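# Breakdown of the fold
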Number of protein chains: 4
Amino acid sequence: MPIDAAHVARSPRIRLGMVGGGQGAFIGAVHRIASRIDDQYELVAGAFSSTAEKSRASGADLGIDPARAYGSYAEMARREARLKNGIEAVAIVTPNHMHAPVAVEFLRRGIHVICDKPLTATLPEAKRLAKAAAASNSIFALTHNYTGYPMIRQAKAMIAAGDLGDIRVVQVEYAQDWLSTDLEATGQKQAGWRTDPNQSGAGGATGDIGTHAFNLANFVTGLSLESLAADLQSFVPGRRVDDNGHVMLRYLGGARGMLWCSQVAPGNENALRLRVYGTKAGIEWAQEDPNYLWFTRLGEPKQLITRGGAGANAAAGRMTRVPPGHPEGYLEGFANIYAEAARAIIAHRSGAALDADVTFPGIKEGLEGVAFVDACVRSSKRNGAWVALAL
Amino acid sequence: MPIDAAHVARSPRIRLGMVGGGQGAFIGAVHRIASRIDDQYELVAGAFSSTAEKSRASGADLGIDPARAYGSYAEMARREARLKNGIEAVAIVTPNHMHAPVAVEFLRRGIHVICDKPLTATLPEAKRLAKAAAASNSIFALTHNYTGYPMIRQAKAMIAAGDLGDIRVVQVEYAQDWLSTDLEATGQKQAGWRTDPNQSGAGGATGDIGTHAFNLANFVTGLSLESLAADLQSFVPGRRVDDNGHVMLRYLGGARGMLWCSQVAPGNENALRLRVYGTKAGIEWAQEDPNYLWFTRLGEPKQLITRGGAGANAAAGRMTRVPPGHPEGYLEGFANIYAEAARAIIAHRSGAALDADVTFPGIKEGLEGVAFVDACVRSSKRNGAWVALAL
Amino acid sequence: MPIDAAHVARSPRIRLGMVGGGQGAFIGAVHRIASRIDDQYELVAGAFSSTAEKSRASGADLGIDPARAYGSYAEMARREARLKNGIEAVAIVTPNHMHAPVAVEFLRRGIHVICDKPLTATLPEAKRLAKAAAASNSIFALTHNYTGYPMIRQAKAMIAAGDLGDIRVVQVEYAQDWLSTDLEATGQKQAGWRTDPNQSGAGGATGDIGTHAFNLANFVTGLSLESLAADLQSFVPGRRVDDNGHVMLRYLGGARGMLWCSQVAPGNENALRLRVYGTKAGIEWAQEDPNYLWFTRLGEPKQLITRGGAGANAAAGRMTRVPPGHPEGYLEGFANIYAEAARAIIAHRSGAALDADVTFPGIKEGLEGVAFVDACVRSSKRNGAWVALAL
Amino acid sequence: MPIDAAHVARSPRIRLGMVGGGQGAFIGAVHRIASRIDDQYELVAGAFSSTAEKSRASGADLGIDPARAYGSYAEMARREARLKNGIEAVAIVTPNHMHAPVAVEFLRRGIHVICDKPLTATLPEAKRLAKAAAASNSIFALTHNYTGYPMIRQAKAMIAAGDLGDIRVVQVEYAQDWLSTDLEATGQKQAGWRTDPNQSGAGGATGDIGTHAFNLANFVTGLSLESLAADLQSFVPGRRVDDNGHVMLRYLGGARGMLWCSQVAPGNENALRLRVYGTKAGIEWAQEDPNYLWFTRLGEPKQLITRGGAGANAAAGRMTRVPPGHPEGYLEGFANIYAEAARAIIAHRSGAALDADVTFPGIKEGLEGVAFVDACVRSSKRNGAWVALAL
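First, a word on what this report is: a plain description of the structure on this page. (Residues numbered from 1 in each chain as written. Chains lettered and ligands numbered in written order. Predicted model: local features only at pLDDT ≥ 70, side-chain atom pairs only at ≥ 80, totals over all residues. Heavy atoms only, no water.)

### Observations concerning the overall build of chain A
Heads up, the condition is: A run of H or I in DSSP becomes a helix once it reaches four residues, and a run of E becomes a strand once it reaches two; helices and strands are each numbered from the N terminus. With the radius of gyration taken over C-alpha atoms, the globule rule is written as 2.2 Å times the number of residues to the power 0.38. In this scheme, a residue with accessible area under 20% of its type's maximum is buried, one over 50% is exposed, and one in between is partly exposed, where area comes from a 1.4 Å probe on protein chains only. Every residue pair with non-hydrogen atoms within 4.5 Å of one another is taken to be in contact. Only the protein chains shown count as cover for residues, and the accessible areas themselves come from Shrake-Rupley with a 1.4 Å probe. Think of it this way: Lys and Arg go in the positive column, Asp and Glu in the negative one, and His and the chain ends go nowhere. A charge is said to be at NZ when it belongs to Lys, at CZ for Arg, at CG for Asp and at CD for Glu.
Of regular secondary structure, chain A possesses 12 helices and 13 strands. Here the C-alpha radius of gyration of chain A, 21 Å, is about what a compact globule of 391 residues would show, namely 21 Å. Within chain A, the proportion of its 391 residues that are buried is 68%. Residue pairs in contact within chain A that sit at least 24 positions apart in sequence constitute 68% of those at least 6 positions apart. Carbon and sulfur atoms form 51% of the exposed surface of chain A, whose accessible area is close to 12200 Å². Averaging the coordinates of the 41 positive side-chain charges in chain A and doing the same for the 38 negative ones gives two points 5 Å apart.

### Remarks on the relation of the copies chain C and chain A
What counts, and what does not: Superposing copies: least-squares fit, C-alpha atoms only, residues required to have pLDDT of at least 70 in both.
When chain C is brought onto chain A, the operation consists of a screw motion whose angular component is 180° and whose axial shift is 0.0 Å, with 0.0 Å RMSD remaining. Taken together, the rotation and translation describe the operation of a two-fold axis. Identified as the residue of chain C closest to the rotation axis by C-alpha distance is Gly329(C), at 2.6 Å. Of the interface residues in chain C, 100% have counterparts in chain A that sit at the interface too, so the contact is made through matching surfaces.

### Concerning the interface of chain C and chain A
Test applied: When two parts are put together, the accessible area they lose, computed with a 1.4 Å probe and summed over both, is reported as buried area. In what follows, salt bridge is the name for a side-chain nitrogen of Lys or Arg lying within 4 Å of a carboxyl oxygen of Asp or Glu.
Across the contact, 53 residues belong to chain C and 53 residues belong to chain A. Between chain C and chain A lies a buried interface of about 4400 Å² when both sides are counted; carbon and sulfur atoms form 54% of it. Inspection of the region where chain C meets chain A yields two salt bridges. In this structure, Asp39(C) and Arg36(A) form a salt bridge, with 3.8 Å as the shortest nitrogen-oxygen distance. Residue assignment for the side of chain C that touches chain A shows that the elements contributing at least two residues are helix 1 (27-37), helix 7 (189-194) and helix 11 (330-350) of chain C.

### Overview of the sheet that holds strand 3 (residues 89-93) of chain B
All names here are of chain B. What counts, and what does not: The pairing criterion for strands is at least two bridges between them, as found by DSSP. Helix axes are fitted to C-alpha atoms over the stretch in contact, other axes to C-alpha atoms as well, and angles between N-to-C directions run from 0 to 180 degrees.
Taken together, the five strands give an open sheet; going across it, the order is 2-1-3-4-5, and neighbouring strands pair in parallel fashion. Edge strands, defined here as strands with exactly one partner in the open sheet, are strand 2 (41-47) and strand 5 (140-142). Direction aside, the axes of adjacent strands within the sheet are offset by 25° on average. In this sheet, strand 3 lies alongside strand 1 (residues 14-20) in parallel orientation, the contact comprising five bridges. Pairing of Val19 across the sheet is with Ile92, part of strand 3.

### Re unusual backbone geometry
Residue Pro118(A) follows Lys117(A) across a cis peptide bond; omega there is -10°. Mapping Pro118(A) onto the fold places it in the loop between strand 4 (112-115) and helix 5 (123-135). Positive phi is not limited to glycine here, since Asp39(D) has a value of about 65°. Mapped onto the secondary structure, Asp39(D) falls in the loop between helix 1 (27-37) and strand 2 (41-47). Overall, Asp39(D) belongs to the buried group, its relative accessible area being 13%.

### Regarding the interface of chain B and chain A
Defined as follows: Polar contacts, as used here, are pairs of N or O atoms within 3.5 Å; protein pairs need one atom able to donate a hydrogen and one able to accept it. Residues neighboring in sequence count only if both atoms are side-chain atoms.
Listed per partner, the contact involves 43 residues of chain B and 43 residues of chain A. Buried surface at the junction of chain B and chain A, summed over both partners, amounts to about 3500 Å²; 59% is from carbon and sulfur atoms. The tally of links between chain B and chain A comes to six salt bridges. Its salt-bridge partner being Arg256(B), residue Asp231(A) comes within 3.6 Å of it at the nearest N-O pair. Taken together, chain B and chain A are joined by 18 residue pairs in polar contact (both at pLDDT 80 or more).

### Examining the relation of the copies chain B and chain A
Placing chain B over chain A gives an RMSD of 0.0 Å and needs a rotation angle of 180°, together with 0.0 Å of translation along the axis. By residue overlap, the copies meet face to face through one surface: 100% of the interface positions of chain B are interface positions in chain A.

### Some thoughts on the pairing of strand 7 (residues 225-233) of chain A
Residues and elements named next belong to chain A. The buried fraction of strand 7 is high, at eight of nine residues. Where strand 7 lies against strand 8 (residues 244-251), eight bridges are found, and the strand directions are antiparallel. Along strand 8, the bridge assignment pairs Gln233 with Asn244.

### Some remarks on the packing of aromatic side chains
Counted only if it meets this: Pairing of aromatic side chains here covers Phe, Tyr and the six-membered ring of Trp, requires ring centres within 6.5 Å, and sorts the geometry by plane angle: under 30 degrees stacked, over 60 edge-to-face, intermediate tilted. Here, over-ring charges are defined by two tests on the NZ atom of lysine or the CZ atom of arginine: distance to the ring centre within 6 Å, and angle to the ring normal within 35 degrees.
Counted according to the given criterion, the structure contains 35 aromatic pairs over all chains. Where Phe334(D) meets Tyr338(D), the ring centres are 6.5 Å apart and the plane angle is 25°; that geometry is what we call stacked. A residue pair is termed a helical-turn pair when its members lie 3 or 4 positions apart in one helix, as Phe334(D) and Tyr338(D) do in helix 11 (residues 330-350) at four residues. As far as burial versus exposure is concerned, Phe334(D) and Tyr338(D) are alike and both buried. Ring pairing ties together the aromatic residues Tyr41(D), Tyr146(D), Tyr149(D), Tyr174(D), Trp285(D), Tyr330(D), Phe334(D) and Tyr338(D), which thus form one cluster. Over the aromatic face of Trp386(A) sits the side chain of Arg250(A), whose NZ or CZ is 3.6 Å from the ring centroid. Between Lys302(C) and the ring centre of Trp294(C), over which it is positioned, the NZ or CZ distance is 5.5 Å.

### Some remarks on the sheet that holds strand 5 (residues 140-142) of chain C
All names here are of chain C. A sheet is described by the order of its strands in space; here five strands give the open sequence 2-1-3-4-5, paired in parallel fashion. Each of the sheet's edge strands pairs with one partner strand only, and the pair in question is strand 2 (41-47) and strand 5. Taking the axes of each pair of neighbouring strands and ignoring which way they run, one obtains an average angle of 25° across the sheet. Note that strand 4 (residues 112-115) and strand 5 share three bridges and pair parallel. Each bridged residue has a counterpart across the sheet, and for Val113 the counterpart in strand 5 is Phe140.

### Regarding the pattern of salt bridges
All names here are of chain C. Overall, the coordinates contain 102 salt bridges over all chains when judged by the stated rule. Residue Arg13 is joined to Asp39 by a salt bridge in which the shortest nitrogen-to-oxygen separation is 2.8 Å. Residue Arg13 is found in the segment before strand 1 (14-19), and its partner Asp39 is found in the loop between helix 1 and strand 2; the two are separated by 26 residues along the sequence. Using a relative accessible area of 27% as the deciding quantity, one classes Arg13 as partly exposed. Its salt-bridge partner being Lys117, residue Asp208 comes within 3.5 Å of it at the nearest N-O pair. Residue Asp208 is found in helix 9 (residues 205-221), and its partner Lys117 is found in the loop between strand 4 and helix 5 (123-135); the two are separated by 91 residues along the sequence. Of the two residues examined, Asp208 and Lys117, each falls in the buried class.

### Topic: the packing of helix 9 (residues 205-221) of chain D against helix 12 (residues 363-381) of chain D
All names here are of chain D. Convention followed: Note on angle classes: values under 35 degrees are labelled roughly parallel, values over 145 roughly antiparallel, values of 65 to 115 roughly perpendicular, and the remainder oblique. Here is the rule for handedness: rotate from the far helix to the near one, and if that takes an anticlockwise turn smaller than a right angle the crossing is left-handed, while a clockwise turn gives right-handed. Any residue outside Ala, Val, Leu, Ile, Met, Phe, Trp, Tyr, Cys, Pro, Asp, Glu, Lys and Arg is labelled polar, Gly included; the first ten of those are nonpolar and the last four are charged.
With their axes 9 Å apart at the nearest point, helix 9 and helix 12 run at an angle of 120° to one another. When the axes of helix 9 and helix 12 are compared, the pair comes out oblique. Seen from above, helix 9 lies across helix 12 with right-handed handedness. Contacts between helix 9 and helix 12 pair Thr206, Gly207, Gly210, Thr211, Phe214, Asn215 and Asn218 from the former with Glu365, Glu368, Gly369, Phe372, Val373 and Cys376 from the latter. Among the residues making up the contact of helix 9 with helix 12, the classes are represented as four nonpolar, seven polar and two charged.

### Here we look at the environment of Gly148(D)
Residues and elements named next belong to chain D. Its place among the elements puts Gly148 in the loop between strand 5 (140-142) and helix 6 (150-160). Separated by 190 residues in sequence, Gly148 and Tyr338 have C-alpha atoms that sit 9.0 Å apart. Residue contacts for Gly148: discarding those within four places in its chain leaves Arg153, Met319, Gly333, Asn336 and Ile337.

### Some remarks on the nonpolar core
The condition is simple: To form a nonpolar core, buried Ala, Val, Leu, Ile, Met, Phe, Trp, Tyr and Cys residues must be joined to one another through side-chain atoms within 4.5 Å.
By size, the foremost hydrophobic cluster in this structure holds 217 residues, and its most contacted members are Leu228(A) and Leu228(C). It is helix 11 (residues 330-350) of chain A that provides the largest number of residues to this core, a total of 10 residues. Beyond its immediate stretch of four places on either side in the chain, Leu228(A) contacts Val247(A), Met248(A), Leu249(A), Phe372(A), Ala375(A), Cys376(A), Ser379(A), Ala385(A), Trp386(A), Val387(A) and Leu389(A). Counting 216 residues, the second-largest nonpolar core is a separate cluster that includes Tyr149(B), Cys376(B), Val113(D) and Phe214(D).

### A closer look at helix 6 of chain D
Residue and element names in this part refer to chain D. The buried count for helix 6 comes to eight of 11 residues, which makes it a mostly enclosed element. Taken as a whole, helix 6 has its buried residues at Pro150, Met151, Ile152, Arg153, Gln154, Ala155, Met158 and Ile159. Note on helix 6: the residue one or two positions beyond its end, Gly162, has a positive phi of about 85°.

### Section: helix 9 of chain C
Residues and elements named next belong to chain C. Note the cut-off: Helix span, as expected, comes to 1.5 Å for every residue beyond the first. Throughout, bend refers to the angle between the axes fitted to the seven residues that end at a position and the seven residues that start at it.
Its 17 residues place the ends of helix 9 23 Å apart at the C-alpha level, agreeing with the 24 Å of an ideal helix rising 1.5 Å per residue. A bend of about 35° at Thr211 is the largest found in helix 9. By the criterion of burial, helix 9 is predominantly enclosed, with 17 of the 17 residues buried.

Dropping the structure here:
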């Protein structure tokens, strides 16, 4: 084993609560594992489900003190805020339409928020939440978890350092196949809320995964969108939201891009893929094989940079736990967002300045994501006219 | 070696002439190799260059009778048409703007034409050529060579047989990097004419490679375009044609697609890639690894079908020379177009009916390709408005 | 997200101690993360280093009660055994030569052992430890962590079910490059003890990684070795143990194999790769891309089975936390061994019968591994003569 | 298209005959295509089958003058040697046991020989043939065609230039699956003679494909074998030759290697793979994806060198017809051997000195290959004892 995993000098664990994530949920379990990997959090409370009984059952599974398994997020916010050792942070893992009301409730009590994406189901909600966050002194982290992958950090740093020259072209896509059929009609819970515009927002695939793709491209390139033109489809008969979206992108400064998101592409499991090309070089990365980054300099042989390996930079190194060739995956990438948030929360405890390297998506990125969905829907309704984000 | 390469009972070789393809050319040599691989053609005449002297020099290199190395295509057409054993077919490998005048000259003398793509530099020319071809009794083959790859034939047959169900989404792209800099300013011949709108037509990357991508998607899916919306760029300062193009596609029948073509994407050598998704399954293919075809049925493990291997169908088998695991490449795919044209020419000799399996791109596909470029340019000038092909 | 991560109803966490794993160590941190991922363990004590001071410093980093950060494993064993809520299990992450003395000390006090591989540095030690384990009522788990990967479980179950027919050929290899130079001379700690026969045992690469390869082949195929012939090398001048080994394998029942292990193969980070071929089909798996398993049935297209995806079986499903396309990696595979051990420890608490699905390497596999190294060294000294394991 | 295909100034085509390669044969057709690709040969005569009638039928298919489609190789040699424009070279594509008698007959008449591999079925035959070749003034080329791949030439030149440092480890393998069942019992012609020791020699897989693997490793590394230890198997019941072989290699100078050849490994089509590791770097190459070469320098990111692309050297360039990203394959590699032989034959015509770059396998490599099979068989019979080649 060529390298040593760093010891992290530990502050007391951050006391964490959770809203959502009860039995039958997917992303709640992911957040819990992510919070544990680096041992910076301790889950001590939760409003896991919409009824007190279900919430307590989930809490029992998770070893939570029954007194802190709440029947509603409002009760939880109120009571935890009064406890001497109440939660310092809350993870929000509900369907999208609940993000804003829950987050506002905790933010106003000075409790930090780690919220699943997209920020909200609608743009007005997003703006309200942004105001609440701005008015609060608390930290707000949005789990655009793919920004936590080491090779994504590597790519971002390389582009920032000018290794690609001026960016010309961005190709980003996120394809899945699990909604190729009318799964929501079967009662499958994940499909149900994600295809219900009242819970997910006006965007289907655009909201669920298109936002990830859009965010990842922004994060890595540092570019800002000028406008987009979108052609959205609902291929599965009866579906109320888009399940496939084609988007052309124009970035400020002249770069151009394409974004494809789909949940009806058989053979694609979770195929988020980013390619960026500049005047001097390109990079290519695929989420399903996240430990590899292609770096292609014009006129030189292609290089395959590996996580932790030769050519990996400090930005990737900050996110790395095990040596090259020992693959890290989705959960480690997710944990990196939790770790970044922990650094911010711990600094906040003491009022210490935050290390400049600490980077994680927050309100700004969340607003952009919701505005992206809104713009896609507006453009598509106008037959693919170019529209700007309504920020 | 598990399978036997078929003996092909041989008719007398087809007497072939060539226009273009002299010293410094690229695609002429490719056509010559392609014509030799299956031993169905014999190159016996040519107007290889724009001067008689250069043409004779090239002819000498190629072992051509000096009397049949002509100084102009017009002279060649006139004289070969009068020879007892004059050429039966001509390969046209000039810059685009010469395709139409040359082809017309030979077609009107009853000489078959094998023409490089795109069909012409402009849409009016394409229509004139189409009329000339319709008025002629001769065969017209357009070397959209990528349609000659066995696994492309496999994919086409699978889709025709319904293996993918109804097509929903087409993703096609063709990326290169060799025009990332202002190569035309260096006097490089290939770059020179390809970026000169007078020789290449109004499309740069769209015409040179976008047409291949567009054609390949049509060929494999059997779909016809309803309309497109394009955003074209000329990233290299001073370049007179597009070097990157983003196109959204709407097919008749409801399928949707995206097409990306670029000659400024560092790390991409000749990255033509096609993905098609239907209600039941998807396929994925990449030109740089042409012996593989992914077949992804919804709810089943991915299959990797190999040329000549288990799962390869008869349509692929017709195009296959060597056993699985013995890779075939670009030249063999190109040769398959020559072989298909040879079958048509040989049938034409005797008036025999052509085997229904014989398939190669011709005037129709050529017209569509030029109309595709025309539509991309029109749409892009109208800020990405949806436009139909002006066929 | 197509599938739900299961809630695991939780028993009280297992109280865990650790021997080794102080500052500068690699594998200790891995064990700690692995123990946390599924929230079944709580690290409460440790003898992290060889001095009390260093051990306490490491303990402080890890949030361990200073009273339970011990200066020696012997003290730790003695005192924890007397505590009311002393540790139930100990993770041993020292250099190899310390495994046996440490393990014996805890086993004799009824404390379960989770021990890094190889079992011991020498075969006599391994046999003594095996006796101690047999005499104890405690559970002994050996972290041949690669057996925890879901697709390895998948392959094992497929072979057990006869999907491959009778096994004929095993090809297994484990290549790294980090010892290509005389790294031990630089004072690098990992290289130092791994190339010191007094700490690592007579095998270098064979002991450090060859044992993993050997174990993985046995685990997946269910085969037992009859004999081997080995040719070991120490390519780096002055190195005292092998850094590259070539081994031919004969299994009982007639299967044959080859094993290559190397730490001097530039470009190989942690390239453990297993291929097994039977009368009906083959499987191929690579540790660096662990979410994929090739399944190649004779006369059918190749299948790529993905973790959690279509074709994944129940044995893989038991080891899976997140949906297909969300890659799991080394730490999750390692955590699966911890999770299996936890199931055994929890059943042991109550005397409940252990679920028959629970599978993890233990003393038997450890003995075989040390005997494998011993046999390689003996065979190589006898110029590659065939030798049996001295079990 | 970034590069121009070179014009090759053409000498008159080499008049070529063929022995073997009639209906039902595989490799004869490959030789014919290979001879045509660069237009340096013209097939004008043949003894394609063992009877005059069959030979004429094959000749007719191939457009051969019926007077030159012979009923026996002896007749062909005798008569062609007397013709004014008789053949200058003969391609021998018979089963192995006929290589020597046929070759001797042509060599003694001053006709150049291009012979399929392995050189002969037995070592004594090989030595006799070697003498006949030495006594002749003619050129002898052995179609170890894999040495014709551009990236193999690239690797050879890189190693010769010291880019890998001192070679330590060679891993070479050649796996197929087409003999996983008792195919010879079905009357399949290719399987029939290849598993008949009277036609193929004592080696089965070792002779048919192991010789390729052995040759390729020698060709690329420039190393010579000191000794080998082999464990050969005949897994298919009743098979008279080996169908799987495991071999450990010791090269002069201290490098060590492993060679695996198999025709019973389901999922392997034609999986020849070479990996070489030195003190400074490694290379990896796979025949089924021949346009790629991994170059892995210790402590630097992996490089993927592509045929014709950045990083490709002059040795690769000599073998390249089309630009990077336009894949070349098996037939082009095979054609490269024909092209190298043509250069030698054309130089021989005029007595000109041969360009030092011209490289192709001949008698020496053929002898080594047959001696390799002989050594494998001897070692395996002696239970894997180390034996030297009996050259």
